[in-house]
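# Inside the fold
The primary structure of each chain is shown beneath.
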Amino acid sequence: MKIVSAEFVMSNSDVAKCPGGSLPEYAFIGRSNVGKSSLINMLMQRKNLAKTSGKPGKTQLINHFLINENWHLVDLPGYGYARVSKKDKKTFQKFITQYFEKRKQLVLGFVLVDCRHEPQPVDLEFMQWLGENQIPFAIIFTKADKLKPNALKANIENYQKKMLESWETMPNYFITSSSKGYGREQLLDYIDAINLEIGALQRA
Ligand code: GDP
């Protein structure tokens, strides 16, 4: 897919106020600092479409971007846990779970994972939650340039092994580097193929 246009549409924390219409939409989520803003900017070939920041938790909103005037890219806040009770029971920020539960236009979520790290409980739990709620997702491994090929391969295999403890198959995944541009074409082609399928179904 060639990116012809990428425009900021709106930011808010209420799924009910997200853009109307029926354009397919893809949401990007992950822990703070995982490289989400850099990835979005790399995909769109823009320096500052998504705001990169050293400060975790700076972007605490649902951010919609209109791409090629035919799909929405959604930049979600880095998830952490919100404390919900004195007993220290933890849950994901409510407006994020509500977004995934209620947003009809959502086609797929991309869960970003730093390829250098061991599988993190918060990521695994979030994917588990997506699975339980039947929300399709794919994994994006970020910062692949930071590892040597063998280490990268070992980490991905380790991740797969961990996933297969609770999943029947490994979800689709992509290996990316924003600084090198790795994975850009694969990701955009993946989105493009789904959009074409949706378009064909709508016309049928
Ligand atoms: P966000 O908080 O998830 O939006 O993460 P950012 O995109 O702001 O990136 C966090 C830090 O990781 C920044 O210092 C980026 O320069 C760095 N970073 C992000 N992606 C890559 C990558 O693909 N390769 C390398 N080497 N650094 C990256």
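Above this text sits the structure in question.
So, a few notes on the structure that sits alongside this text. It should be emphasised that the depicted structure is a prediction, and the values quoted were computed from it without experimental measurement. Counting restarts for each chain: residues are numbered from 1 in the order of the written sequence. Owing to the predicted nature of the model, reporting of local features is limited to residues with pLDDT of at least 70; listing and counting of side-chain atom pairs is limited to 80 or more, with chain, interface and lining totals taken over all residues. Note that water and hydrogens are dropped before the side-chain values are worked out from all heavy atoms of the structure.

Side-chain positions along a regular strand alternate between the two faces of the sheet. Burial classification: accessible surface area is computed with a 1.4 Å probe over protein chains only, and a residue below 20% of its type maximum counts as buried, one above 50% as exposed, and the rest as partly exposed. Helix numbering and strand numbering both begin at the N terminus, where a helix is a DSSP run of H or I of at least 4 residues and a strand a DSSP run of E of at least 2. Counting buried positions along strand β8 (residues 137-142) yields six of six residues, so the element is predominantly enclosed. Alternating residues of β8 divide into F137, I139 and F141 and A138, I140 and T142, and every residue in both groups is buried. The rule for pairing is simple: two strands pair if DSSP sees at least two bridges between them. Looking at chain direction, strand β7 (residues 106-114) and β8 are connected through six bridges and run parallel. Its bridge partner being in β8, L112 is matched across the sheet by I140. The handedness of the β7 to β8 crossover, carried by helix α3 (residues 121-132), is right-handed. Note that β8 and strand β9 (residues 173-175) share three bridges and pair parallel. Along β9, the bridge assignment pairs I139 with Y173. Whether a crossover is right-handed depends on one test, that the path from the first strand over the helix to the second runs clockwise when the strands point away from the viewer. Since β8 and β9 lie parallel, the crossover through helix α4 (residues 149-163) that links them has a hand, and here it is right-handed.

Residues other than glycine seldom take positive phi values, yet Q134 does so here, at roughly 55 degrees. Position of Q134 relative to the elements: it lies in the loop between α3 and β8.

All right, on to the pairing of strand β3 (residues 62-67) then. β3 sits mainly inside the fold: six of its six residues count as buried. The side-chain alternation of β3 yields two buried faces, one formed by I62, H64 and L66 and the other by N63, F65 and I67. Pairing geometry for strand β1 (residues 6-12) and β3, over six bridges, is antiparallel. Directly across from M10, in β3, lies its bridge partner H64. As paired elements, β3 and strand β4 (residues 71-75) share five bridges and run antiparallel to each other.

Moving on, we come to the packing of aromatic side chains. Where two aromatic rings form a pair, the distance of their centres and the angle of their planes describe that pair. Each Phe, Tyr or Trp ring, with Trp reduced to its six-membered ring, pairs with another whose centre is within 6.5 Å; inter-plane angles below 30 degrees give stacked pairs, above 60 give edge-to-face pairs, and intermediate values give tilted ones. Scanning all chains against the criterion turns up 14 aromatic pairs. For the ring pair F100 and W129, a centre distance of 6.5 Å and an interplane angle of 80 degrees mean the geometry is edge-to-face. Separated by 29 residues along the polypeptide, F100 in helix α2 (residues 94-102) and W129 in helix α3 bring together distant segments of the chain. F100 sits in the buried class, given a relative accessible area of 3%. Three or more aromatic residues link up through ring pairs in this structure, and these residues are Y26, F28, W71, F110, F174 and Y190.

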